[in-house]
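The lines below spell out each chain.
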Amino acid sequence: MANWWKEAVAYQIYPRSFKDSNGDGIGDLNGITEKLDYLEDLGIDLIWICPMYKSPNDDNGYDISDYQQIMAEFGTMEDFDRLLAGVHERGMRLIIDLVVNHTSDEHPWFLESRSSRDNPKRDWYIWRDGRNGAEPNNWEGIFKGSAWEFDPLTEQYFLHLFTCRQPDLNWENHDMRAAVYDMMRWWLDKGIDGFRIDAIAHMKKEPRLADVPNPDKLRYAPSMKSHLNYDGLLDYVDDMSRNVLKHYDIVTVGEMNGLFADRAEEWVGEHRNRLSMVFQFEHVRLWEPEEGLRPEPAVLKKIFTAWQEALEGKGWNALYVENHDLTRITSRWGDTEHHWRESATCIAALYFLMQGTPFIYQGQEIGMTNTRFGGIEDFDDVSAKNMWRELAAQGRSEEEIIAFLTNTGRDNSRTPMQWNTWPNAGFSDGEPWFQVNANYEMINVATQQQDPNSVLNFYRALIQLRRQERTLIYGRYALELPQHEQIYAYRRELAEDTFLVLCNMSSKAANWSEIELSLKGAHCVLGNYPQVDEDYRLHAWETRVYRF
Ligand code: GLC
Ligand code: CA
């Protein structure tokens, strides 16, 4: 079924790092409003902004202390309303981050909940007695350490899957759900166009909260199985849909680690009335970053093709390669040393033209790269700091830890957006809250706007092409050259119309033969090299899009 969010191209904004409008060094809502023309001009239809709510910022806004107020550093509710109006005036839409697996420990709900064992909101969070003077079970938090925190006030522990300042809400409690639904309706009635639902995969916990087997005799054991896509989670989604989501024409995207293609339809099947799309994690392996650094094309083919085929005619994919929790994709999969521009654009074509709604993370459209860290003081992210402590306790050297976090750390994608060659990359007139990547004089929006061959202009061309061609939106995906070790190739087909996307995912030239895949009758409509030299040969990181 055709609809607006399937045809949209989406852009993710991390407000803290996008644009500072008042010189305090922190990106803000008015900064986003200033850049709406830029986004419109790029061809963006849908904007997702990361949390902008009131928050003590233990996890940069993902710890919310009031869902109906704006973080003072980001501006006011009037600023938000102006931003929303500006988005709508330009024919774009806006979705916000719904963070309801947990709140901040400063949220009034939690303050009440912790105040006494018989407070009516006690059960809105997950409280348990300790066991022999220690935690109620051996679960490890996602950001390391125990998943439990002792509260001396009532002498019980509360569960927190993320930091100890992010207590988990108890989704078994119906009063708590009703309060969350009221809050959601309040935003929807204000006119926002949907939600990206944070950490939805973790909302359901194994009901007995039992220990996980602990083979390594670690004090805290990896406990993902007890709360990642746990049986019964979809009942929560159904309840949320019945009460709120299905009553609005909105788009919803669930952050769904732990979901595989074979069960994707249960989440986003057209007739299920659940979510529009999910951000799946198979191709980025967020929680096992060491393994997912530079995947072989064969691995990517397997994962993407499984998702494309599983949802063909049944549901819809969200397509992405970057976000605020991942390292920069050109550093991760590409070759920033020898083929920065080619690999940034090749990866762009690879994921962008599959079936689904493509998301671009701020700075991805100019090929921003990972940054450099000199020591622990250069990191901001709470999970990086916890990881540092953990690795240091294991006796790893400072160099090893920096190397590990440089390749995996979330701070890489949180450096300020690079707008131009002015001081602080044009992000702020003041001292930026976080280091600007040293390469901003080379990689920035203003310079790339002038250059017809820039990464930015390649993204612009991709967006235009997708916008014009229904086949690139709704057409069926089919993998080509399945055994090729360097080239990722796929077709998109709708009725008589066919496109072919070719990507050489390597720093060496790659050949194939006409027998394997013929180009007869095809003409090239987009590419990242100045001209097509030889039909059956691609240069390093060359991409071409053909039409038949
Ligand atoms: C999601 C967010 C991440 C945050 C976590 C806890 O994974 O994307 O940034 O730290 O949830 O809210
Ligand atoms: Ca500011």
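Residues numbered from 1 in each chain as written. Chains lettered and ligands numbered in written order. Predicted model: local features only at pLDDT ≥ 70, side-chain atom pairs only at ≥ 80, totals over all residues. Heavy atoms only, no water.

- Identification of the protein chain as Alpha-amylase from Dryocola boscaweniae is taken from an unreviewed UniProt entry.
- In its Catalytic activity (unreviewed entry) section, UniProt records this for the protein chain: "Endohydrolysis of (1->4)-alpha-D-glucosidic linkages in polysaccharides containing three or more (1->4)-alpha-linked D-glucose units."
- Looking at the protein chain in UniProt, the text filed under Sequence similarities (unreviewed entry) is "Belongs to the glycosyl hydrolase 13 family." (UniProt positions renumbered as here; feature names shortened; annotations may be inferred.)

1. Some points on the nonpolar core
Moving on, step 1. With 140 residues, the main nonpolar core has F80, W187 and W267 as its most contacted residues.
Moving on, step 2. In terms of residue count, helix α11 (residues 340-352) provides more of this core than any other element does, nine residues in total.
Moving on, step 3. Other than its neighbours up to four places away in sequence, W267 contacts I200, N229, L233, L234, V237, M256, L259, R274, L275 and V278.
Moving on, step 4. Core analysis: the second largest hydrophobic core is formed by 15 residues, I126, A147, F162 and A199 among them. (Core = buried A, V, L, I, M, F, W, Y, C linked by side-chain atoms within 4.5 Å. Buried < 20%, exposed > 50% of the residue type's maximum accessible area, 1.4 Å probe, protein only. Helix = DSSP H or I, 4+ residues; strand = E, 2+ residues; numbered from the N terminus. Contact = heavy atoms within 4.5 Å.)

2. Some remarks on helix α6 (residues 174-190)
Moving on, step 1. With 17 residues, α6 should reach 24 Å at 1.5 Å per residue; the first-to-last C-alpha distance of 24 Å fits that figure.
Moving on, step 2. Within the sequence span of α6, burial applies to M176, R177, A179, V180, Y181, M183, M184, W187 and L188.
Moving on, step 3. For α6, the side-chain oxygen to backbone nitrogen distance between the N-cap and D175 is 2.9 Å, and the N-cap itself is N173.
Moving on, step 4. Looking one or two places after α6, you find G191, whose phi comes out positive at around 115°. (Expected span 1.5 Å × (residues − 1). Polar contact = N/O pair within 3.5 Å; in protein donor to acceptor, adjacent residues only side chain to side chain.)

3. Brief notes about the sheet that holds strand β15 (residues 487-494)
Moving on, step 1. On the basis of which strands lie adjacent, the open sheet formed by five strands has the order β14-β15-β16-β20-β18 and antiparallel pairing. If you trace the sheet from one side to the other, it starts and ends with β14 (476-480) and β18 (523-527), each paired once. Within the sheet, the average angular offset between the axes of one strand and its neighbour, ignoring direction, is 25°.
Moving on, step 2. Two strands pair when backbone bridges link them, and β18 and strand β20 (residues 543-547) are joined in this way by four bridges, in the antiparallel orientation. By the bridge assignment for β20, L526 is matched with V545.
Moving on, step 3. Against the sheet, helix α15 (residues 455-468) contacts β18 and β20, and its axis sits at roughly 130° relative to β18. (Pairing = 2+ DSSP bridges. Axes fitted to C-alpha atoms, helices over the stretch in contact; angles between N-to-C directions.)

4. Some thoughts on the coordination of the calcium ion (ligand 2)
Moving on, step 1. Taken together, the protein ligands of the calcium ion (ligand 2) are D20 (OD), N22 (OD1), D24 (OD), I26 (O) and D28 (OD), with distances of 2.2 to 2.4 Å.
Moving on, step 2. Mapped onto the polypeptide sequence, the residues donating to the calcium ion (ligand 2) form the spacing pattern D-x1-N-x1-D-x1-I-x1-D.
Moving on, step 3. By relative accessible area, N22 is classed as exposed at 53%.
Moving on, step 4. Residue class for I26 comes out buried when judged on its relative accessible area of 11%. (Donors = N, O, S within 2.8 Å, 3.2 Å for Na, K, Ca; no water.)

5. Observations concerning the pairing of strand β8 (residues 156-159)
Moving on, step 1. Residues of β8 alternate between two faces, with Q156 and F158 on one and Y157 and L159 on the opposite face, all of them buried.
Moving on, step 2. The pairing of strand β6 (residues 127-128) with β8 spans two bridges and is antiparallel. Pairing of R128 across the sheet is with Y157, part of β8.
Moving on, step 3. Where strand β7 (residues 148-151) and β8 come together, four bridges link them in antiparallel fashion. Looking at β8, one finds that W148 is bridged to L159.
Moving on, step 4. Hairpin connection of β7 to β8: four residues between the antiparallel strands, including E155 at a positive phi of 55°.

6. Remarks on the packing of helix α4 (residues 77-89) against α6
Moving on, step 1. Between α4 and α6, whose axes approach to 11 Å, the crossing angle comes to 50°. Comparing the axis directions of α4 and α6 gives the class oblique. Contacts between α4 and α6 involve M77, F80, D81 and L84 from the first element and W186, W187 and K190 from the second. (Parallel < 35°, antiparallel > 145°, perpendicular 65-115°, else oblique.)

7. With respect to the environment of R208
Moving on, step 1. Inspection of the secondary structure assignment puts R208 in the loop between β9 (194-197) and α7 (233-243).
Moving on, step 2. A sequence separation of 18 residues divides R208 from S226, and the C-alpha atoms of the two residues are 9.6 Å apart.

8. Some remarks on a negative patch on the surface
Moving on, step 1. On the surface, a cluster of negative charge is contributed by E377, E398, E399 and E400.
Moving on, step 2. In this fold, E399 is placed in helix α13 (residues 398-408).
Moving on, step 3. Given a relative accessible area of 61%, E399 falls into the exposed group. (Patch = residues over 30% accessible without salt bridge, like charges linked within 9 Å, V, L, I, M, F, W, Y side chains within 5 Å. Areas by Shrake-Rupley, 256 points an atom, 1.4 Å probe, with all protein chains shown as cover. Salt bridge = Lys/Arg side-chain N within 4 Å of Asp/Glu carboxyl O. Lys, Arg positive; Asp, Glu negative; His and termini not counted. Charge placed at Lys NZ, Arg CZ, Asp CG, Glu CD.)

9. Quick look at the site of ligand 1
Moving on, step 1. In the vicinity of ligand 1 lie 13 residues, with D59, H102, D198, E255 and D325 positioned nearest.
Moving on, step 2. Side-chain polar atom of R196 to an oxygen atom of ligand 1: 3.0 Å apart, as the coordinates give it.
Moving on, step 3. Here an oxygen atom of ligand 1 and a side-chain polar atom of E255 are 2.9 Å apart. (Near = heavy atom within 4 Å.)

10. Notes on unusual backbone geometry
Moving on, step 1. For N60, which is not glycine, the phi dihedral falls at a positive 45°.
Moving on, step 2. Within the secondary structure, N60 sits in the loop between β3 (53-54) and β4 (66-70).
Moving on, step 3. For N60, a relative accessible area of 12% puts it in the buried group.
Moving on, step 4. Positive phi, normally seen in glycine, also occurs at N273, with a value near 60°.
Moving on, step 5. Position of N273 relative to the elements: it lies in the loop between α8 (264-268) and β11 (277-279).
Moving on, step 6. For N273, a relative accessible area of 47% corresponds to the partly exposed category.

11. Focus: the domain arrangement of the protein chain
Much of the literature gives interface size as the accessible area that the parts lose upon coming together.
Moving on, step 1. Segmenting the protein chain into domains produces domain 1 (10-103 + 174-462), domain 2 (108-159) and domain 3 (476-547).
Moving on, step 2. Inter-centroid distance (C-alpha atoms) of domain 2 to domain 3 is 55 Å. (Domains from an automatic or database assignment.)

12. Side note on the packing of helix α12 (residues 382-393) against α13
Moving on, step 1. Close contact between α12 and α13 brings their axes to 10 Å; oriented N to C, the two are set at 145°. The handedness of the crossing between α12 and α13 comes out as right-handed. Taken together, the residues of α13 that come into contact with α12 (itself represented by A384, M387, W388, L391 and A392) are E398, I401, I402, F404 and L405.
Moving on, step 2. For the contact of α12 with α13, a count of residues per class yields nine nonpolar, no polar and one charged. (Left-handed = near helix turned anticlockwise from the far one by under 90°. Nonpolar A, V, L, I, M, F, W, Y, C, P; charged D, E, K, R; others polar.)

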